[in-house]
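What follows is the residue order along each chain.
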Amino acid sequence: MQMLRRLLCSAMLMGFAGIAAAAPLAPKEGVQYQVLPQKQETPAGKQVEVIEFFAYYCPHCHAFEPLLQEWVKKQGDNIVFKRVHVAAGQRIVPQQRLFYTLEALGLLGQYHEKAFAAIHQQGLRFQDDEEVIEWAVKSGIDRARFTDAYRSFGVQGKLRRASAMMDAYKVDHWPFVAIDGRFVTSPSMANQGGSTARTETEQQQVALQVMDALVAKARADKK
């Protein structure tokens, strides 16, 4: 399963040709997005929940991050945005723990991009607990505070919750986005059905347009 997910992550950008084109104004169900067989519980109110399933090791998640952050800013109060670090085998558990520890300590805003950079620019692997802890300490986080959270029952519970959410949302590749507990899409999914996006950035921009349409649809349904 781990190898399959890695292959999906690595191969999601293959097979598209042509020039970039705008996403359809009305994305097609079963093509650019899927509807879950069972709607998941989301916060009440007019805001639409958006969840990104990602992994620190995934190069496509890393590439998607700046565009996604900008999209989240533009959505503003329209959405409630959350992230779930996927489970992808034992070697990725330290990366999961890193993400949920930063979240528990309220440090994601300061260190989330730095964690991506450590892997994709500095060549760290983050497949060992001690490597993660040493990186956190060198990055300016108190060792005892970080270690206590890293090994806490709360973070362990987040890991179990991530696996359960992956099953509930039918996550089989990443980055993968769930909207309003019922719609799911991704850069690879959004570029099916005749899209002519070529570069990775173009494919991601198409995905964001599909996400715009799905957020608008979810908001309209809430009225």
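Criteria and thresholds
- Residues numbered from 1 in each chain as written.
- Predicted model: local features only at pLDDT ≥ 70, side-chain atom pairs only at ≥ 80, totals over all residues.
- Heavy atoms only, no water.
- 1 Å grid on protein atoms, 1.4 Å probe; cavity = no way out; pocket = protein on both sides within 12 Å on 5 of 7 lines; lining within 4 Å.
- Points joined across faces, edges and corners; volume = space filled by probe spheres on them.
- Helix = DSSP H or I, 4+ residues; strand = E, 2+ residues; numbered from the N terminus.
- pLDDT = per-residue confidence, 0-100.
- Contact = heavy atoms within 4.5 Å.
- Salt bridge = Lys/Arg side-chain N within 4 Å of Asp/Glu carboxyl O.
- Buried < 20%, exposed > 50% of the residue type's maximum accessible area, 1.4 Å probe, protein only.

Q: Could you clarify how one ought to interpret the layout of surface pockets in this entry?
A: Using a probe with the size of a water molecule, rolled over the atoms, empty space left in the structure can be pinpointed. Of the volumes computed, that of the largest pocket is approximately 330 Å³. Along the walls of the largest pocket sit 16 residues, with I51, K82, V84, R161 and M165 positioned nearest its centre. Secondary-structure elements contributing two or more residues to the lining of the largest pocket are β2 (48-54), β3 (79-85), α3 (93-104) and α7 (153-168). Ranked by residues supplied to the lining of the largest pocket, first place goes to α7 with six residues.

Q: Where do I start with unusual backbone geometry in this structure?
A: What is expected of a backbone is that most residues other than glycine have negative phi and most peptide bonds are trans. The step from W174 to P175 runs through a cis peptide bond, and the omega angle for that step is 5°. Along the chain, P175 falls in the loop between α7 and β4 (176-179). For K170, which is not a glycine, the phi torsion comes out positive at approximately 60°. The residue K170 is located in the loop between α7 and β4 in this model. Even without being a glycine, D180 presents a positive backbone phi close to 60°. Relative to the helices and strands, D180 is located in the loop between β4 and β5 (183-185).

Q: Explain the confidence of the model for the protein here, please?
A: If pLDDT is low for a region, its predicted coordinates should not be looked at in detail. In this model, the protein carries a mean pLDDT of 90, and residues with pLDDT of at least 70 account for 89%. This model gives residues 1-24 a pLDDT under 50, and the stretch forms 53 contacts once residues within four places in sequence are excluded.

Q: Which parts of the structure should I look at to understand the pattern of salt bridges?
A: Pairs can form between side chains of opposite charge once their charged atoms are near each other. Enumeration over the complete set of coordinates arrives at 10 salt bridges. Residue D129 pairs with R151 through a salt bridge whose shortest N-O separation is 4.0 Å. Note that D129 is positioned in helix α5 (residues 129-138) and R151 in the loop between α6 (143-150) and α7, a separation of 22 residues in sequence. We classify D129 as partly exposed; its relative accessible area is 26%. R143 is the salt-bridge partner of E134, the closest N and O atoms lying 2.9 Å from each other. A residue is classified by how much of its surface remains accessible, and E134, at 29% relative accessible area, is partly exposed. Here R143 falls in the partly exposed class, since its relative accessible area comes to 38%. Sharing partners across several salt bridges, the network here consists of D180, R182, D221 and K222.

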